[in-house]
Amino acid sequence: MKYRSTDMLAVIALTCIAITLACTVPTSNVAVRILTLPLVFFLPGYALTALLFSEQIQGIVERVAFSLGSSLILVILSGLILNLTPSGLSSGSWIALPGIITLMASVAVLLRRQRQGQSAATPQRVGSRYGFTAGQGVLLTLAALIIGGALTLSITGAQQQPYPGFTQLWMLPAGGAQAKETVRLGVKNMEKTTMEYRLVVNMGSKTIKQWSLLDLRVGENWQTTLVVPTVGQNSPVLVEALLYRQNAPTTPYRHVELWLSS
Amino acid sequence: MTTDMESMDDRNLAGQAVTGWAARHSASVQEAIAPPAGKVAATPAALRAETWGWFPALSVISALGVLLVALAYEGGRLSASQWPVPLFWCGLLLLFVPVALRLFSAQPTRQERIALLIVVTINFYLTKYLQYPLFFTSYDEFLHVRSAQDIAASHHLFQPNPLLPISAFYPGLEIVTNAVSSLTGLSIFVAGTLVIGVATLLLVLSLYLLYERLSGSMRLAGLATLLYIANPGFVFFDTMFAYESLALPLAIFVVFAIVRRGSLPVRGQVALTLLIWAGLAAVVVTHHLTSFALLAFLCLWSIVSLWKKMRARQGQKQPIPAGPREAALVACVLTVLWLIYTNWQALAYLAPNLDSTMNQVTQILAHKAPPRQLFHSSTASAGTPLWERIAAYTSEICILLGLPFGLFAIWRRYRANAFALAAGCVTLVYPITLLLHLTQSGAELANRAEEFLFVALAFVLGAGAVQVLLAGAAGRTGRQRLALVAAVVVMIYFGQMVLGSGQPWSLLPGPYMVTADARSIEPEGIGAAEWASVYLGPGHIVASDRDNTLLMATFGEQMAETAGSANVPVSWVLLSPQFGSGVTSILRQDDIQYVVVDLRLSTALPTIGTYFNSANLQPATAPISRTALTKFDGMQNVSRVFDSGDIIIYNVESIARQPAGPPPQHRHPTRQFKPERPKKLSQPVAWVRQSYLWDIPSL
């Protein structure tokens, strides 16, 4: 090749990688899918800037600013356009529009440079000046480690922040045709320790079901479905659930109630 | 226009003499790679050491500042004591001051300056992120999370947002967040955090490049960017997941592009013009206030540019760079078109605040109302400490005293530049915004204006500071001037940080507080909202207090009613001491299906002043009574479907869908609540009764 367009070849390669990852890797695999980030923040703007006014851009900082700014603008306007399509703003459409624009702009730049036989205007031979000495590298690594420590401290601190524990008790009518005679009950232990509960379900003044020991670990969820006696014809009936802790067996800890209408 | 001072200041600009504004515009990229004049780097290692200067060492110091802030946050989480507060302020000072001192100096290269600014920007952003690193907690952030969730669920824009209806019509931030989230699989929180981080970086780079291109001085550009970073909105507001946080960087990028266009050949100008128009469109669909501010500035800039052109025709031969007239016109057309498309909702959203401000100003001027007492807290929280007040006042005094120096420097050195003159004009608005702090509504307006005003203010103050630094000779006098400028900038920074940090309780994370925004977001509330999402399903109409409304609308995916979205304000549903016809009427008019009651509201006054998210409510004077909160218990056809101790969820659908009639009866007459006649109605209750609930019988 008589011309050098390493930057545009890199943009095309990164765009293809991002598109391939977005098409093949499930979204649950965030560690890999995160490699598609440049397709939003950088690549479209870089390609468009190179296509429109690359020769006039001065320096890396200006190029980065134009790439970031143009990318964000392009993504916002793309979103407005995608909204008009039936599929809207979905993963597939986000791969298609910015990806295609980036690839088309990059190929156009390559063709133009080939036609003009000119060198890539972007990469300047400044490597020796932009590198770091060993001492500088050590200091920057130290700074990164300190920031990493601060991040770890804050994230773990927030995850383990002491808050009062609590227990959730809930009762809802079962869905579908059995809604009038079946209820769903649930208990979730979000206390700081394993809990032992007793659950009593009353209908009017009569106990219709009792669970004398619910042993739930921290974060554990217990659910059941309960068929209640047939609801009367005329008036709604109240079903009441009372949750007791084993260490305080006479004082209701949680209390829910549900009106079942005929 | 060329002076020795400029030559001294700009000696690093590729070692070339600066010959006026036009020449400064053509400052070559060589400045980025050329060694400082008069010095020849012998080896690559020496070259690198010279290029980066103190950047690596200052990065370590700034990182230590972040670590101190993180320790302070951790201290706040673990204890309610005040010892972490000094640690927090020490961290913020360590993060900023050493870098600032370095940037005052004439020594650093362009690379070092930019690298230092990037480090400070990232570290400031981290200080915001580290405060609540697991999910969004600010009030404004929840409003936009809901819009982002709606787009993710429906794949389409403009879905109704019950928390902030206007936000659905300015979806720029949510679009970019959706793109990141859809492509990477990241959560909205992580995706949004990345978007705002990139936007903040774009803001600082664009600002630096703008200031540098205007002044031709990397020293002034660095100092002015640093002063902008010192504005209170930068750290505490524009790093939030909110539409202005993206719109403002885009607006400044567009302004930089317009300035940059002036130094391009015609072919490049055409291409950049397309980008500018696209940028204007992006700003217009991202944030109403930013688009209005940008339009106003472009108009002012155009007027100044025209005035200069007319003066040039009268005698001056100096060529005048192309102004932003066509950009102003395009911005105007796009703004109006978007307003029409969105049915003028932005004006309806903003007008009440402006109207309220004007009314309050009029009343103060007519001596019909006293001015707002500064730093006075009418809420349950403790007042602002004395040292914070002194710091804030000192900062404002420094800015006001610095303004004349800056304006003089602008006139003396940059009056050939229409942008610089327009910026000078904008700074004259700043003292007026300070006066607006004397009104309740105006204070909010003034706070929101600061992010915009500081773009001009930082440039003008930076010009003044450089003028002072360069006015004297080197040696002892020079060092004294440097110390003076450094002290003033640090005082401005510290005071502005104090102003932006808000109430002392909001500074650090900590234990739950009643209606205290981020401090009220805790596992039990989130758990209740997540339960609603899983077991009730999304989209039910829910009434609750301010913080549980946010949680139910976002974590819970419910249509939580707010003052803005409800037909009738829902506050009375919780405030009413009994389940009477007033409550029933609201339930029916708003079709409310569930009421979420937080019993902790009865334990304290709301920390921010009101339990509900209506701007019109007066501050609460007494906690909501527990009997008012538990009035739903035992009511016929009101199901108590969820209980987590503090939070109870009631199903009131049967009541809301009944035809109008008498309120429901209590099912246990012997347990029926009989409230005592209150001696005096609390202000919110009285207001709600007077304004909306004509059908409530007298107590």
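Residues numbered from 1 in each chain as written. Chains lettered and ligands numbered in written order. Predicted model: local features only at pLDDT ≥ 70, side-chain atom pairs only at ≥ 80, totals over all residues.

1. Let's talk about helix α16 (residues 325-341) of chain B
All names here are of chain B.
(1) Moving on: The first and last C-alpha atoms of α16 sit 24 Å apart over 17 residues, in line with the 24 Å expected at 1.5 Å per residue.
(2) Moving on: Here α16 has its buried residues at A327, A328, A331 and T335. Across the axial projection of α16, the buried residues extend over an arc of 100°, all falling on one side. Exposed residues on α16 whose side chains face more than 90 degrees from its buried face are L337, I340 and Y341.
(3) Moving on: Where α16 terminates, the next one or two residues include N343, which has phi positive at roughly 60°. (Helix = DSSP H or I, 4+ residues; strand = E, 2+ residues; numbered from the N terminus. Expected span 1.5 Å × (residues − 1). Buried ≥ 20, exposed ≤ 12 C-beta atoms within 10 Å, placed from the backbone. Arc of directions from axis to C-beta.)

2. Overview of the pairing of strand β4 (residues 206-216) of chain A
All names here are of chain A.
(1) Moving on: Here β4 lies mainly on the outside; 0 of its 11 residues are buried.
(2) Moving on: Bridge analysis of strand β3 (residues 195-203) against β4 gives 8 bridges, and the strand direction is antiparallel. By the bridge assignment, N202 is partnered in β4 with T207.
(3) Moving on: Taken together, β3 and the strand that follows it, β4, pair antiparallel across an intervening segment of 2 residues, in which G204 is found at a positive phi of about 65°. (Pairing = 2+ DSSP bridges.)

3. Quick look at the packing of helix α5 (residues 59-82) of chain A against helix α9 (residues 172-184) of chain B
A pair of packed helices is captured by two measures, namely the crossing angle of their axes and the spacing between those axes.
(1) Moving on: Packing of α5 of chain A against α9 of chain B leaves a shortest axis separation of 9 Å and a crossing angle of 95°. In this view, α5 of chain A runs roughly perpendicular relative to α9 of chain B, as classed from their interaxial angle. The segment α5 of chain A lies against α9 of chain B, with L72, V75, I76 and G79 of chain A engaging G172, I175, V176 and A179 of chain B. (Axes fitted to C-alpha atoms, helices over the stretch in contact; angles between N-to-C directions. Parallel < 35°, antiparallel > 145°, perpendicular 65-115°, else oblique. Contact = placed C-beta atoms within 7 Å.)

4. Side note on the environment of S78 of chain A
All names here are of chain A.
(1) Moving on: Its place among the elements puts S78 in helix α5.
(2) Moving on: In the structure, S78 is positioned 11 residues away from L89 in sequence and 9.2 Å away in space, judged by C-alpha atoms.
(3) Moving on: Apart from residues lying up to four places away in sequence, S78 is in contact with L97 and P98.

5. Considering the interface of chain A and chain B
(1) Moving on: The partner chain B presents 79 residues to the 80 residues of chain A that form the contact.
(2) Moving on: The dominant element in the side of chain A that touches chain B, judged by the number of residues it contributes, is α5 of chain A, at 16 residues.
(3) Moving on: Of the residues belonging to the side of chain A that touches chain B, the class tally is 47 nonpolar, 28 polar and 5 charged.
(4) Moving on: As defined by bridge partners, strand β1 (residues 166-173) of chain A adjoins strand β4 (residues 639-643) of chain B across 2 bridges and the pair is classed as antiparallel. (Nonpolar A, V, L, I, M, F, W, Y, C, P; charged D, E, K, R; others polar.)

6. Some thoughts on unusual backbone geometry
All names here are of chain B.
(1) Moving on: At D591, a position not held by glycine, the phi torsion is positive, near 55°.
(2) Moving on: Locating D591 in the fold gives a position in the loop between α26 (581-589) and β3 (594-598).
(3) Moving on: Its identity as a non-glycine residue notwithstanding, N637 has a phi of 70°, on the positive side.
(4) Moving on: Structurally, the position occupied by N637 is in the loop between α27 (626-629) and β4.

7. Looking at the pairing of strand β5 (residues 647-651) of chain B
All names here are of chain B.
(1) Moving on: Of all 5 residues making up β5, 5 are buried, and the element is well covered by its neighbours.
(2) Moving on: Taking every second residue as pointing to the same face, both faces of β5 are buried, with I647, I649 and N651 on one and I648 and Y650 on the other.
(3) Moving on: Pairing analysis gives 5 bridges linking β3 to β5, with the strands arranged antiparallel. Within the sheet, the bridge partner assigned to Y594 lies in β5 and is N651.
(4) Moving on: Across 4 bridges, β4 lies against β5 in antiparallel orientation. The residue bridging F642 from the neighbouring strand is I649, located in β5.
(5) Moving on: Here β4 hands over to β5 after 3 residues, with G645 in that stretch at a positive phi of 100°.

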